[in-house]
Amino acid sequence: MLNFTYNIPTKIIFGKDELERLPKEILLHGKRVLFLYGKDSIKKTGLYDKIVTLLNDKNIFFKELSGVKPNPSISSVREGIRIIKENDLDFILAVGGGSVIDCAKAISAGVGYTGDPWDFLIGKAKVRNVLPIGSILTLAATGSEMNGGAVISNEETQEKLAFGHPLLVPAFTFEDPTLTFTVSKYQTAAGATDIVSHLLEQYFTSHNDEGLPDRLTEAMMINVINYAKTAILEPDNYDARANLMWTSSLALNNLVTYGKKHGDWASHGIEHEVSAIYDITHGAGLAILFPNVLKYYLDKDIEESLPLTKFLNLGKNVFNVASSDDKAAAYETIEKLRAFFNSLDMPSKLQEENVDASKIDIMAKGAARNGTLGYYHMIGEKDVLEILKNSL
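Described in the following lines is the structure provided in the data block.

What counts as what
Residues numbered from 1 in each chain as written. Predicted model: local features only at pLDDT ≥ 70, side-chain atom pairs only at ≥ 80, totals over all residues. Heavy atoms only, no water. Helix = DSSP H or I, 4+ residues; strand = E, 2+ residues; numbered from the N terminus. Rg over C-alpha atoms; globule rule 2.2 N^0.38 Å. Buried < 20%, exposed > 50% of the residue type's maximum accessible area, 1.4 Å probe, protein only. Contact = heavy atoms within 4.5 Å. Areas by Shrake-Rupley, 256 points an atom, 1.4 Å probe, with all protein chains shown as cover. Lys, Arg positive; Asp, Glu negative; His and termini not counted. Charge placed at Lys NZ, Arg CZ, Asp CG, Glu CD. Pairing = 2+ DSSP bridges. Axes fitted to C-alpha atoms, helices over the stretch in contact; angles between N-to-C directions. 1 Å grid on protein atoms, 1.4 Å probe; cavity = no way out; pocket = protein on both sides within 12 Å on 5 of 7 lines; lining within 4 Å. Points joined across faces, edges and corners; volume = space filled by probe spheres on them. Nonpolar A, V, L, I, M, F, W, Y, C, P; charged D, E, K, R; others polar.

Attention shifts here to the overall build of the protein chain. Looking only at helices and strands, the protein chain features 15 helices and 8 strands. Against the globule reference of 21 Å for 392 residues, the protein chain gives a C-alpha radius of gyration of 21 Å, in line with a compact fold. By its C-alpha atoms, the protein chain is 65 × 45 × 45 Å across when sized along the principal axes. Out of the 392 residues in the protein chain, the part that is buried amounts to 57%. Of the contacts made within the protein chain by residues no fewer than 6 positions apart, 78% connect residues no fewer than 24 positions apart. Total accessible area on the protein chain stands at roughly 16600 Å², and carbon and sulfur atoms take up 48% of it. Once the 40 positive and 50 negative side-chain charges of the protein chain are each reduced to a mean point, those two points are 4 Å apart.

So, in structure tokens, the structure goes:
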């Protein structure tokens, strides 16, 4: 195992009926708040009114920014920065799923920067002076509530890019599983798909068994598989919702990467190009693409006579694949992954999300804008194009 520093600084306040602690947690970091959220769902559930009451009761000044999209746009980031500067705000409260929290991170980075915040996404600017962030999680999916990464879309350029910095890790996150009871079946399924995809990206880091990190990753995947269907069929099942919520945080807070060099992230890189142009749900895009990326990798492993260890461990330990033929077992593992996504009514083909072949050249070129992507196998534009064709 490599040398590493274990540091996961976000305070997690987990469970129902804990939100009364919100003002106290905010006042540890600031007293003038940007209250950031998505559309009207938190108003329909009563969460909005509860937060406003808590803030008003403690005389915490706040300004609101609503309407953050599922693929958060740079226009929302710019608006948030404007509101903060005009009102001398010193804290950001993000209420929602990963999109709202990602938007908060980009706003936090941009407040102390004199240029355009898109510069962070294209590598033109470095994160330096930030505002502290707190979050109230309402969707189990991205893990953004416990890490410093963010993905932002630019509607003008049809780009969807990622950036991150340790300074952008939220100071605290409230995780109340009851806040996810009203999440739709589709979004619950997409969230579960996203969690498993994050774990797979960090699993396929080499062709060898990497011990404890791999066992932790496998256990989390099993947990999602065990509880996802229950959460869909029984939306107010607290145990199912709690297990998905906590796993989503642990799946992307670096825990399963300690001792590894790198994650793969090719599937995410390709999906970002698809959703940047077609604005499809991230989890749905991953459900389509991930098995095809793994199939492409497996074909290369076999062609190059590389060890199939990762595929075999995944099949045996997560999907109960038992076969004396290693190649057959590896291919069956990918089929089992596809079957899991299908069991959640996630799509299998891009055409199901109204994505056609007209722009796959553009998407392939965008995914490989830096030359290559991936780590388990480094792939380029031609490889991505083949994967997209196989996904239509």
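It is worth spelling out the sheet that holds strand β1 (residues 11–14) at this point. Read across the sheet, 6 strands follow the order β1-β8-β5-β4-β2-β3 without closing on themselves; strand pairing throughout is parallel. Among the strands making up the open sheet, the edge pair consists of β1 and β3 (61–65). Averaged over all pairs of adjacent strands, the angle between strand axes in this sheet comes to 20°, irrespective of strand direction. Bridge analysis of strand β2 (residues 32–37) against strand β4 (residues 91–96) gives 5 bridges, and the strand direction is parallel. Of the residues in β4, the one forming a bridge with valine 33 is phenylalanine 91. Strands in contact with helix α5 (residues 98–111) are β2, β3, β4 and β5 (133–137); relative to β4, the strand with the most contacts, it is inclined by about 165°.

Let us look at the pairing of strand β7 (residues 159–164). If a strand is regular, its side chains alternate between the two faces of the sheet. Bridge analysis of strand β6 (residues 149–154) against β7 gives 6 bridges, and the strand direction is antiparallel. Bridge pairing in β7 links valine 151 to alanine 162. Counting the residues between successive antiparallel strands, the hairpin from β6 to β7 contains 4 residues, one of them, glutamine 158, with a positive phi of roughly 55°.

It is worth spelling out the environment of threonine 217 at this point. When you line up the elements, threonine 217 lands in helix α8 (residues 212–233). Distance from threonine 217 to isoleucine 8, taken between C-alpha atoms, is 17 Å for residues 209 residues apart in sequence. Contacts of threonine 217, omitting those with residues within four sequence positions, involve Leu199, Tyr203 and Val256.

Another point: empty space enclosed by the protein. The full count for this structure, using the stated rule, is 1 cavity of 30 Å³ or more. Considered as a void within the structure, the largest cavity measures approximately 70 Å³ in volume. As for the largest cavity, its lining consists of Leu139, Ala140, Thr180, Thr188, Gly191, Ala192, Ile195, Arg241 and Leu244. The residue inventory of the lining of the largest cavity, partitioned by class, reads 5 nonpolar, 3 polar and 1 charged.

Quick look at the pairing of β2 now. The buried count for β2 comes to 5 of 6 residues, which makes it a mostly enclosed element. In the sheet, β2 pairs with β3 via 5 bridges, with the strands oriented parallel. For valine 33, the partnering residue across the bridge sits in β3 and is phenylalanine 62.

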